[in-house]
Amino acid sequence: MADIKSEVSRRRTFAIISHPDAGKTTLTEKLLLYGGALQLAGSVTARKNQSSSASDWMELERKRGISVSSTVLQFDYEGHRITLLDTPGHKDFSEDTYRVLTAVDAAVMVIDAGKGIEPQTLKLFEVCRLRGIPILTFMNKLDRETRDLLELLDELENMLQLHPYPVNWPMGVGQRFKGVYDRTTQEAHMYERTVRGAYKAPVSVAGIDDPAVKDALDADSYHHFVEQVHLLEAAGAGFDATDALTGGTTPVYFGSAVNNFGVQMLLDALLKHAPPPAARASTAGLIQPTRESFSGFVFKIQGNMDPKHRDRVAFVRVVSGKFTRDLTVTHSRTGKSFRLANAHKIFGRDREIIEEAYAGDVIGLVGYSDFGIGDTLSEDPKVVFDEIPRFAPECFARISNPNPSKYKPFAKGLEQLLREGVVRALVPRDMGDAKATLLAAVGPLQFEVAQFRLQSEYGVESRLETMPWTLARWVGPNTKPGAVDAVALPMQSARVKDEEGNEMILFPTPWSLQYLSEKHPEIELLRLPPAKR
């Protein structure tokens with residue numbers, strides 16, 4: 001038990017969330033650089049034959065310069081085991097991001113200081129709040145012109161109902177940005193830029209009144225910087241570490257990820273302000289991370305990460321106990337026993353076999369076709385977690401195979417993508433074209449990813465036909481049998497079933513949904529799938 005307690009206490013598992021283009025993937029690379037996991041920051045050296053971002057492993061991500069899959073990156077730093085989950089920033093992949101947030105204990109919220117809080121950041125923050133996940137804030141892109149910094153702090157407080165505490169403060173902004181002042185140690189950290197930010201930025205440390213600090217800034221910038229620091233100190237608000245752990249206060253760090261300014265401070269803050277793994281609710285009550293028996297849940301499935309092998313990785317967040325290689329567990333959904341012999345530590349697309357893991361770790365289980373998103377794996381079969389949220393899709397399309405000779409690889413590829421949750425399949429009440437599969441997604445880019453992966457990983461073309469629906473609702477359990485059969489649905493609406501056999505109605509417009517709700521209140525319509533009985 002002492003071994004488990006000490007190992008759990010040094011775990012830190014967190015995700016990075018942001019609106020697209022706020023610098024999330026760049027910050028991920030720089031945290032790896034400062035954590036010693038990379039010798040060279042990949043995201044800023046992706047030129048010609050040099051490496052591209054370590055966290056963006058899929059070919060489509062490299063081509064488009066966006067993150068469309070969640071990536072697990074694990075490394076050791078200052079006696080701690082860090083698990084960093086880089087999430088998709090694109091709005092179409094919010095469902096994948098929501099799943100990832102079930103597996104973390106803290107989040108870093110990246111904000112573009114030139115823009116402030118943006119819609120996707122707000123949506124993801126709300127998920128963190130619902131789950132009680134503490135948040136550290138990184139105000140990025142101080143090397144560019146920014147909004148008023150005090151206004152940015154007010155926006156955090158007013159829009160997110162968070163108390164922001166600026167742990168550091170920038171020395172100048174834009175071209176005049178020279179470093180950050182650490183309010184806790186009262187030291188100014190002045191940085192030198194490196195070529196394309198590929199290496200750690202050399203830093204010198206001095207007091208705020210040191211001549212070196214005055215020399216680093218022009219007179220106006222220095223005066224403005226000192227004035228704002230004194231203003232913050234006069235406000236008198238101290239940092240409440242307990243409130244930060246419960247999500248009421250967010251420590252705020254300013255910097256420039258692309259230039260490596262302020263990254264070290266943020267990484268060190270994660271050890272100090274992010275919590276170790278906590279207890280999680282299950283059917284057997286609260287499961288403490290220090291509990292001796294192993295338990296965990298699958299929060300992500302990813303196929304073909306290694307193009308040389310048609311394998312499948314189930315990402316498992318360890319909730320309690322100690323995982324050891326060849327451990328036998330019960331699979332909650334089937335009741336079967338499995339010996340976990342093929343477990344890996346994941347770093348982007350690279351992997352290595354691991355012999356042990358503890359609560360807070362994420363392990364990749366390769367080749368277990370029975371495992372699905374949301375499944376529990378536990379030594380105690382009474383322990384079942386219900387961590388994974390599901391959301392109503394908003395985009396629909398029919399996908400078909402235009403080449404009959406490619407039937408088998410097309411079917412195999414589509415089955416794999418459905419298992420991963422890249423897209424969902426719905427079964428129409430009136431089948432129509434039996435050769436086409438009705439797909440549902442949160443956003444249209446998910447269909448593009450599905451088609452791209454079918455072509456690149458399975459060598460098959462596909463034909464996609466966009467469907468007119470924009471809203472979906474589940475028929476609730478309080479609806480009497482035959483009630484839906486007895487009414488005429490609004491024009492272009494359709495009845496389908498989801499993967500678990502739950503009945504749904506698809507609507508082309510918000511008006512058609514509202515019409516059915518008001519005209520036939522006897523039909524219960526749910527935004528989320530009905531609870532399992």
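Residues numbered from 1 in each chain as written. Predicted model: local features only at pLDDT ≥ 70, side-chain atom pairs only at ≥ 80, totals over all residues. Heavy atoms only, no water.

### Re the overall build of the chain
Scanning the chain from terminus to terminus reveals 13 helices and 29 strands. For the chain, long-range pairs separated by at least 24 residues make up 71% of all intrachain contacts whose partners lie at least 6 apart in sequence. Working note: accessible area of the chain is about 23,000 Å², and carbon and sulfur atoms make up 50% of it. (Helix = DSSP H or I, 4+ residues; strand = E, 2+ residues; numbered from the N terminus. Contact = heavy atoms within 4.5 Å. Areas by Shrake-Rupley, 256 points an atom, 1.4 Å probe, with all protein chains shown as cover.)

### Some remarks on the packing of helix 11 (residues 407-420) against helix 12 (residues 445-458)
Packing of helix 11 against helix 12 leaves a shortest axis separation of 10 Å and a crossing angle of 130°. Here helix 12 runs oblique to helix 11, going by the angle between their axes. Viewed along their axes, helix 11 and helix 12 form a crossing whose handedness is right-handed. Between helix 11 and helix 12, the contacting residues are Pro-409, Phe-410, Lys-412, Gly-413, Leu-414, Gln-416, Leu-417 and Glu-420 on the first element and Ala-450, Arg-453, Leu-454 and Tyr-458 on the second. By residue class, the composition of the contact of helix 11 with helix 12 is seven nonpolar, two polar and three charged. (Axes fitted to C-alpha atoms, helices over the stretch in contact; angles between N-to-C directions. Parallel < 35°, antiparallel > 145°, perpendicular 65-115°, else oblique. Left-handed = near helix turned anticlockwise from the far one by under 90°. Nonpolar A, V, L, I, M, F, W, Y, C, P; charged D, E, K, R; others polar.)

### Comments concerning the sheet that holds strand 8 (residues 179-182)
Read from one edge to the other, the open sheet built from four strands follows the order 7-8-9-10, with strand pairing classed as antiparallel. Each of the sheet's edge strands pairs with one partner strand only, and the pair in question is strand 7 (168-171) and strand 10 (203-206). Neighbouring strand axes in the sheet, compared pairwise and without regard to direction, differ in orientation by 25° on average. (Pairing = 2+ DSSP bridges.)

### Remarks on empty space enclosed by the protein
Going through the model one piece at a time under the given rule, you end up with two cavities of 30 Å³ or more. What the second largest cavity holds in volume is close to 30 Å³. Taken together, Arg-390, Phe-391, Pro-393, Arg-424, Leu-426, Trp-474, Asp-498, Glu-499 and Met-504 make up the lining of the second largest cavity. Taken together, the residues of the lining of the second largest cavity break down into five nonpolar, no polar and four charged. (1 Å grid on protein atoms, 1.4 Å probe; cavity = no way out; pocket = protein on both sides within 12 Å on 5 of 7 lines; lining within 4 Å. Points joined across faces, edges and corners; volume = space filled by probe spheres on them.)

### With respect to the pattern of salt bridges
Under the defined criterion, the tally for this structure stands at 27 salt bridges. Residue Asp-380 pairs with Arg-291 through a salt bridge whose shortest N-O separation is 2.9 Å. Taken as a pair, Asp-380 in the loop between strand 21 (376-378) and strand 22 (395-400) and Arg-291 in the loop between helix 10 (263-273) and strand 12 (295-303) lie far apart in primary sequence, 89 residues in all. On the basis of relative accessible area, Arg-291 is assigned to the partly exposed category, the value being 26%. The salt bridge involving Lys-382 is made with Asp-380; its shortest N-O contact spans 3.5 Å. For Lys-382, a relative accessible area of 58% translates into the label exposed. (Salt bridge = Lys/Arg side-chain N within 4 Å of Asp/Glu carboxyl O. Buried < 20%, exposed > 50% of the residue type's maximum accessible area, 1.4 Å probe, protein only.)

### Regarding the packing of aromatic side chains
The full count for this structure, using the stated rule, is 14 aromatic pairs. Relative to Phe-225, the ring of Tyr-181 has its centre 6.0 Å away and its plane inclined at 75°; by these criteria the two rings are edge-to-face. Pair noted here: Tyr-181 is in strand 8 and Phe-225 is in helix 8 (residues 219-235), with a separation of 44 residues, a long-range link. Comparing Tyr-181 with Phe-225, the two get one shared label, buried. (Phe/Tyr/Trp six-rings, centres within 6.5 Å; stacked < 30°, edge-to-face > 60°.)

### What about the confidence of the model for the chain?
The predicted model of the chain has a mean per-residue pLDDT of 87, with 89% of residues at 70 or higher. Note that pLDDT drops below 50 for residues 42-52; the model gives that stretch 21 contacts with residues more than four away or on any other chain. For residues 64-68, every residue scores under 50 in pLDDT, and the model assigns this stretch 20 contacts once sequence neighbours within four places are set aside. (pLDDT = per-residue confidence, 0-100.)

### Focus on helix 8
Helix length check: helix 8, at 17 residues, gives a terminal C-alpha distance of 25 Å against a target of 24 Å (1.5 Å per residue), a fit within 8%. Among the residues making up helix 8, those that are buried are Ser-221, Tyr-222, Phe-225, Val-226, Gln-228, Val-229 and Leu-232. In an axial view of helix 8, the angular spread of the buried residues amounts to 160°, which keeps them on one side of the axis. In helix 8, the exposed positions that point more than 90 degrees away from the buried face belong to Ala-219, Asp-220, His-223, Leu-231, Ala-234 and Ala-235. (Expected span 1.5 Å × (residues − 1). Arc of directions from axis to C-beta.)

### What about the sheet that holds strand 25 (residues 463-466)?
Strand order in the open sheet formed by eight strands is 25-22-24-23-27-28-26-29, with antiparallel pairing between adjacent strands. The outermost strands of the open sheet, each flanked by one partner alone, are strand 25 and strand 29 (525-526). Where strand 23 (residues 424-428) lies against strand 27 (residues 494-497), two bridges are found, and the strand directions are antiparallel. Looking at strand 27, one finds that Val-427 is bridged to Lys-497. Packing against the sheet, helix 12 makes contact with strand 22, strand 24 (437-441) and strand 25, and its axis sits at approximately 20° to strand 22.

### Some details on unusual backbone geometry
Phi angles above zero are rare outside glycine, and Lys-141 is one such case at about 65°. Counting through the fold element by element, Lys-141 comes out in the loop between strand 5 (135-140) and helix 6 (149-160).

### Structural notes on the environment of Pro-428
Tracing the backbone shows Pro-428 in strand 23. Between the alpha carbons of Pro-428 and Leu-438 there is a distance of 7.5 Å; along the sequence they are 10 residues apart. Every residue in contact with Pro-428, bar those within four places of it in the chain, is listed here: Leu-438, Arg-495 and Val-496.

### Things to note about the environment of Leu-516
On the secondary structure map, Leu-516 appears in helix 13 (residues 510-519). Taking C-alpha positions, Leu-516 is 9.0 Å from Ala-488, a pair spaced 28 residues apart along the chain.

### Quick look at the environment of Ser-18
With respect to the element layout, Ser-18 can be found in strand 1 (residues 11-18). Taking the C-alpha atoms as reference, Ser-18 lies 9.4 Å from Pro-119; in sequence the two are 101 residues apart.

### Quick notes on the side chain of Ser-256
Position of Ser-256 relative to the elements: it lies in the loop between strand 11 (249-254) and helix 10. Since its relative accessible area comes to 0%, Ser-256 is described here as buried. Of note is the side chain of Ser-256, whose polar atom sits 3.1 Å from the side chain of Asn-259. Apart from the residues within four sequence positions on either side, Ser-256 is in contact with Phe-138, Asn-140, Lys-141, Leu-142, Asp-143, Phe-177 and Phe-261. (Polar contact = N/O pair within 3.5 Å; in protein donor to acceptor, adjacent residues only side chain to side chain.)

### Digging into the packing of helix 2 (residues 24-34) against helix 10
Axis separation between helix 2 and helix 10 bottoms out at 9 Å; the angle between their running directions is 80°. Relative to helix 10, helix 2 is oriented roughly perpendicular. Residue-level inspection shows Leu-27, Lys-30, Leu-31 and Tyr-34 of helix 2 in contact with helix 10, the latter providing Val-263, Gln-264, Leu-266 and Leu-267. Considering only residue class, the contact of helix 2 with helix 10 consists of six nonpolar, one polar and one charged.

### Points about a negative patch on the surface
A cluster of acidic residues, Asp-148, Glu-151, Asp-154 and Glu-157, forms a negative patch on the protein surface. Structurally, the position occupied by Glu-157 is in helix 6. (Patch = residues over 30% accessible without salt bridge, like charges linked within 9 Å, V, L, I, M, F, W, Y side chains within 5 Å. Lys, Arg positive; Asp, Glu negative; His and termini not counted. Charge placed at Lys NZ, Arg CZ, Asp CG, Glu CD.)

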